[in-house]
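As a plain string of letters, each chain reads:
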Amino acid sequence: MSGDHSHNNSQIDSGSRVNDSHKHKEKNKDKEHKHKDHKKDKERENSKYGNSDHKDFSEKHREKEKERIKHKDGSTDRHREKDKRKEIKPKKEKENGFSSPPRIKSEPDNDVYHSPKSLKRERDHDETEFKPKKIKLENDKVDKKAKKRKQDEDIKPKKTQKNKKGEVADGKKKAKKEPEEKWKWWEEERATDGSKWSFLEHKGPVMAAPYELLPSNVRFFYDGKQMKLSPEAEEVATFFAKMLDHEYTTKDTFRKNFFKDWRKEMTSEEKSRITDLKKCNFNEMGEYFKAQSEARKAMTKDDKLKIKVENERLLQEYGFCIMDNHKERIANFRIEPPGLFRGRGDHPKMGMLKRRIRPEDIIINCSKGSKHPKPPPGTKWKEVRHDNKVTWLVSWTENIQGAIKYIMLNPSSRIKGEKDWQKYETARNLKKCVERLRNQYREDWKSKEMRIRQRAVALYFIDKLALRAGNEKEEGESADTVGCCSLRVEHINLYPEKDGQDFVVEFDFLGKDSIRYYNKVPVEKRVFKNLQLFMENKQPEDDLFDRLNTSILNKHLQELMDGLTAKVFRTYNASITLQQQLKELTSPEENLPAKILSYNRANRAVAILCNHQRAQPKTFEKSMQNLQTKIDAKKDQLSDAKRDVKSAKADLKVRRDEKSKKALETKKKAVERLEEQLMKLEVQATDREENKQIALGTSKLNYLDPRISVAWCKKWGIPIEKIYNKTQREKFAWAIDMADDDYEF
DNA sequence: GCTGACACTTAGGACGTCCACT
DNA sequence: AGTGGACGTCCTAAGTGTCAGC
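Quantities reported herein were computed from a predicted structural model and do not represent experimental measurements.

All right, on to the overall build of chain A then. In terms of helices and strands, chain A carries 22 helices and 15 strands. Buried residues in chain A amount to 44% of all 745 residues. Carbon and sulfur atoms make up 50% of the accessible area of chain A, which amounts to about 41300 Å² in all.

This is how it looks when you write it as structure tokens:
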């Protein structure tokens with residue numbers, strides 16, 4: 001069963017980001033329908049009792065069975081809490097993590113600090129095993145000592161490096177050495193006390209550029225008359241003007257939200273005069289920005305270079321931090337600039353003003369003993385804290401959803417890499433027990449308790465279809481999207497028989513980012529019957545799994561396996577599918593491009609499973625046509641070349657001289673070359689066609705154990721660069737270093 | 001048990017850049 | 001030299017999951 005995901009091939013074709021036209025009901029309904037309201041649910045269940053003559057599925061036996069379940073569920077279940085209460089974990093020691101005093105560099109070294117080779121852990125038998133984070137407390141002392149020792153020694157190479165720096169003369173040597181001297185954090189011990197770092201120093205965020213007033217010749221008109229706006233109102237107006245070309249400035253919600261927030265920024269005079277968005281004319285502003293971006297494109301090389309250099313300087317200054325003796329790249333060191341919020345899908349808050357973030361909104365996180373980042377002159381940070389139990393360097397609260405935003409490290413950093421590695425190890429643990437779990441949930445389909453049946457069916461979907469968990473969302477706060485646990489009755493259709501298959505479930509809902517999930521899946525009979533049961537007497541907008549949410553599900557999963565949550569199934573199924581597909585699709589005799597096509601196909605199978613879609617590129621049709629033209633031309637060339645060979649052969653027969661022989665050879669070579677070129681083009685066309693609506697990047701980056709790909713490359717002698725670009729190689733450095741050609745996920 | 005706050009991963013699109021081809 | 005198109009980077013929204021406090 002594992003990895004058998006071929007059934008949902010139909011998914012992508014019909015899917016797309018859904019716009020307003022997609023038939024999803026406005027979710028205006030009262031919260032009473034919401035799952036949380038169990039009272040209501042019970043009422044509904046109870047009312048079902050009286051109604052014994054539903055026509056749909058009337059076998060006596062089934063009725064009885066159903067009643068039994070309902071009774072059970074409605075009454076005693078809730079009181080019978082699990083005996084298997086989770087053991088109380090020993091509380092983490094509160095030590096603030098600064099067990100060893102942070103080492104402060106008076107001046108951050110420009111280079112990575114290298115750990116001495118002697119310190120590196122010997123490769124153990126199973127190199128890929130991940131050292132569990134939690135270790136017994138008794139070990140703590142020993143471990144800390146080891147850590148401290150390591151840190152002490154870590155410092156040494158730094159010194160030698162500095163010496164080296166003095167002798168810049170033989171920089172060649174150094175440059176050559178650089179790649180192999182990359183810090184291999186994966187060969188070192190990991191902190192075990194829950195602390196994420198012991199020393200952290202950074203320069204703080206780069207604030208958004210201040211607003212620049214429009215030149216006076218760029219005018220705004222209200223109701224046909226020119227009007228000079230106050231700076232605050234003008235800035236917000238420019239946000240709208242910059243979007244004039246976008247469809248969403250025509251959307252009601254967008255306009256309404258924008259106008260409401262814009263008015264808040266107006267002076268009282270402006271407010272009283274500007275009362276109707278339709279009467280606002282932003283065209284000159286829009287033109288101005290268009291002209292600006294044209295000008296930017298048309299800049300001289302020199303000017304472009306200047307910008308590049310400036311960006312590089314900013315990156316060098318703010319783009320790195322020092323964490324535990326190593327210089328690490330920061331992922332997003334810029335504060336998000338103000339603008340108009342554009343959520344994805346049918347977002348109720350689209351068009352709202354995303355406020356400018358001031359230093360007073362920003363929390364800085366760094367070591368006590370580090371050089372604290374300075375706020376811009378005349379301002380203060382909201383707070384400077386020293387919390388080494390978290391990984392972020394900077395945070396602020398955004399005004400649209402009230403969510404917290406963070407500045408964190410790059411995926412190539414130790415702190416992200418360890419987490420990533422751990423993720424795949426958890427998924428591999430799942431591999432070891434997935435059959436047991438599958439048997440278990442299949443058993444649970446027959447449970448007497450409704451909640452357990454629901455849990456089991458939901459888990460089946462998560463496993464088989466790689467659905468997301470589906471947390472509850474607050475209504476009206478974001479687009480109406482769902483995952484497995486939050487599926488509603490309206491999101492599935494049941495067909496006892498469809499297209500020659502029995503027990504087909506048709507899914508049609510909006511998932512994350514309002515990407516449509518559409519899939520028709522034959523399921524086991526028991527699942528089908530259960531679904532019928534779950535849907536009985538419910539309204540379309542009622543929850544399918546009214547006795548289930550992600551927290552219940554994850555609690556259950558945690559009991560089945562340490563570290564198991566719903567999303568682990570996605571990781572597991574994605575990775576195992578890649579591994580299987582690679583095995584299946586790669587044939588030894590294929591040449592390099594064909595092998596890479598096979599890899600992409602395996603990758604694609606995963607992307608389809610995970611429903612990773614993208615909008616078809618706007619230029620797709622045209623570029624495809626171009627490619628086809630090329631192919632046709634190549635074919636013509638080829639047939640010409642073949643004809644040449646024939647005549648050369650004939651020539652040779654007649655003349656029988658060296659010259660004709662040579663000529664024939666040349667012609668033959670030409671044919672071979674053309675054939676190869678043609679094949680390359682055809683492979684390219686196939687790949688592109690198959691890929692038009694599918695995004696491979698997401699799964700590659702987030703779901704596929706990189707060691708599988710690395711092993712595949714090593715096994716077939718494929719250069720890793722063909723699979724991973726530079727950024728990806730940096731992110732997966734750990735995997736590239738540790739996986740051998742025989743790695744098994 | 002429920003809720004909200006919080007931390008962190010996963011996601012697609014916009015846009016810039018580079019490179020092969022003409 | 002110009003250009004189409006692939007590729008890479010940046011951006012930030014939208015998920016997942018945990019935990020503390022009631």
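With that settled, consider the domain arrangement of chain A. Partitioning chain A into structural domains gives domain 1 (220–302), domain 2 (416–564) and domain 3 (576–738). A separation of 48 Å is found between the C-alpha centroids of domain 1 and domain 3.

Right, let's talk about the protein's contact with DNA strand B for a bit. Near DNA strand B, the surroundings consist of 29 residues, among which K416, K512, R570, T698 and Y703 are the closest. Among all atoms of DNA strand B positioned within 4 Å of the protein, those belonging to sugar or phosphate total 84%. Between DNA strand B and K512, the relevant distance is 2.6 Å, taken from a base oxygen to a side-chain nitrogen or oxygen of the residue. Within the backbone of A615, one N or O atom sits 3.3 Å away from a phosphate oxygen of DNA strand B. Elements supplying a minimum of two residues to the surface near DNA strand B: β12 (404–407), α11 (414–444), α15 (566–585) and α19 (697–702). The residue inventory of the surface near DNA strand B, partitioned by class, reads eight nonpolar, six polar and 15 charged.

On to the pattern of salt bridges, then. Following the criterion strictly, the structure yields 43 salt bridges and no others. Between E317 and K203 there is a salt bridge; the shortest N-O distance is 3.5 Å. Placement of E317 in helix α10 (residues 301–318) and of K203 in the loop between β1 (200–202) and β2 (220–222) is noted, with a sequence separation of 114 residues between them. Residue class for E317 comes out partly exposed when judged on its relative accessible area of 30%.

Let's shift gears to the confidence of the model for chain A. A residue-level look at chain A finds 76% of positions with pLDDT of 70 or above and a mean pLDDT of 79. Taken together, the stretch residues 1–10 has pLDDT below 50 and engages in 28 contacts with residues farther than four places along the chain or on a different chain. This stretch, residues 131–180, has a pLDDT under 50; its non-local contacts, to residues over four places away or in other chains, come to 62 contacts.

We now examine the UniProt feature "coiled-coil region" (unreviewed entry) in chain A. Per the UniProt record, the feature "coiled-coil region" (unreviewed entry) sits at residues 624–691. Structurally, residues 624–691 is divided into 97% helix and 0% strand, and its ends, taken at the C-alpha atoms, are 12 Å apart.

Quick look at the side chain of T571 now. Within the secondary structure layout, T571 lies in helix α15. Residue T571 is classed as buried on the basis of its relative accessible area of 3%. Other than its neighbours up to four places away in sequence, T571 contacts K423, Y424, A427 and Y703.

With respect to spatial proximity, 30 residues lie near DNA strand C, and among them R344, K405, N626, R688 and T727 are the closest. The sugar and phosphate moieties of DNA strand C supply 85% of its atoms located within 4 Å of the protein. With respect to DNA strand C, the side chain of H347 contributes an N or O atom lying 3.3 Å from a phosphate oxygen. In this structure, K473 approaches DNA strand C through a side-chain N or O atom, which is 2.9 Å from a phosphate oxygen. For the surface near DNA strand C, the elements supplying multiple residues, two or more each, are α15 and α17 (620–655). Looking at the surface near DNA strand C residue by residue, the classes come out as four nonpolar, 13 polar and 13 charged.

Side chains that are nonpolar tend, in soluble globular proteins, to be buried together. Of all hydrophobic cores here, the largest spans 80 residues; its most connected members are L430, F461, L467, F507, L531 and F545. Among the elements that line this core, the one with the most residues is helix α12 (residues 450–465), at nine residues. Taken domain by domain, the makeup of this core includes at least three residues from each of domain 2 (416–564) and domain 3 (576–738). Filtering out sequence-adjacent residues up to four positions away, L467 remains in contact with F461, I462, C484, L487, F507, F509, Y517 and R570. If you look at the next biggest cluster of nonpolar residues, it comprises 28 residues, including L214, F259, M266 and M350.

Attention now moves to the sheet that holds strand β5 (residues 320–323). With antiparallel pairing, the three strands of this open sheet are ordered in space as β1-β5-β6. Across the chains shown, the open sheet's two edge strands, defined by having one partner strand only, are β1 and β6 (326–329). The mean inter-strand angle of the sheet, taken between neighbouring strand axes irrespective of direction, is 30°. Bridge count between β1 and β5: three bridges; the pairing is antiparallel. Counterpart to H202 in the pairing with β5 is C321.

A few words on the pairing of β12. It is a general feature of regular strands that their side chains alternate between the two faces of the sheet. As defined by bridge partners, strand β11 (residues 394–397) adjoins β12 across four bridges and the pair is classed as antiparallel. By the bridge assignment for β12, W396 is matched with K405. Following β11, the chain reverses through six residues before pairing antiparallel with β12; G402 in that reversal takes a positive phi of roughly 75°.

Another aspect to go through is the environment of Q226. Secondary-structure assignment places Q226 in strand β3 (residues 225–227). Distance in space between the C-alpha atoms of Q226 and V521 is 60 Å, their sequence separation being 295 residues. When residues no more than four places from it in sequence are discounted, the contact partners of Q226 are R219, F220, F221 and R273.

A separate point is the sheet that holds β12. With respect to topology, four strands assemble into an open sheet ordered β10-β9-β11-β12, the strand pairing being mixed. Only two strands of the sheet have a single neighbouring strand rather than two, namely β10 (383–385) and β12. Ignoring which end each strand starts from, the neighbouring axes of this sheet average 20° apart. Pairing of strand β9 (residues 363–365) with β10 involves three bridges; the strand directions are parallel. Paired with N365 across the strands is R385, a residue of β10.

One pass over the structure, following the stated rule, counts 28 aromatic pairs. Above the ring of F320, the side-chain terminus of K327 is found at 4.6 Å from the ring centroid. Over the face of the ring belonging to Y495 we find K498, whose NZ or CZ atom lies 4.2 Å from the ring centre.

We now examine unusual backbone geometry. One non-glycine residue, D324, lies in the positive phi region at around 45°. Examined against the element boundaries, D324 turns out to sit in the loop between β5 and β6. For D324, a relative accessible area of 14% corresponds to the buried category. Although it is not a glycine, A466 sits at a positive phi angle of roughly 55°. For A466, the location among the structural elements is in the loop between α12 and β13 (492–498).

Reading the values: the criteria
- Residues numbered from 1 in each chain as written.
- Chains lettered and ligands numbered in written order.
- Predicted model: local features only at pLDDT ≥ 70, side-chain atom pairs only at ≥ 80, totals over all residues.
- Heavy atoms only, no water.
- Helix = DSSP H or I, 4+ residues; strand = E, 2+ residues; numbered from the N terminus.
- Buried < 20%, exposed > 50% of the residue type's maximum accessible area, 1.4 Å probe, protein only.
- Areas by Shrake-Rupley, 256 points an atom, 1.4 Å probe, with all protein chains shown as cover.
- Domains from an automatic or database assignment.
- Near = heavy atom within 4 Å.
- Polar contact = N/O pair within 3.5 Å; in protein donor to acceptor, adjacent residues only side chain to side chain.
- Nonpolar A, V, L, I, M, F, W, Y, C, P; charged D, E, K, R; others polar.
- Salt bridge = Lys/Arg side-chain N within 4 Å of Asp/Glu carboxyl O.
- pLDDT = per-residue confidence, 0-100.
- Contact = heavy atoms within 4.5 Å.
- UniProt positions renumbered as here; feature names shortened; annotations may be inferred.
- Core = buried A, V, L, I, M, F, W, Y, C linked by side-chain atoms within 4.5 Å.
- Pairing = 2+ DSSP bridges.
- Axes fitted to C-alpha atoms, helices over the stretch in contact; angles between N-to-C directions.
- Phe/Tyr/Trp six-rings, centres within 6.5 Å; stacked < 30°, edge-to-face > 60°.
- Lys NZ or Arg CZ within 6 Å of the ring centre and 35° of its normal.

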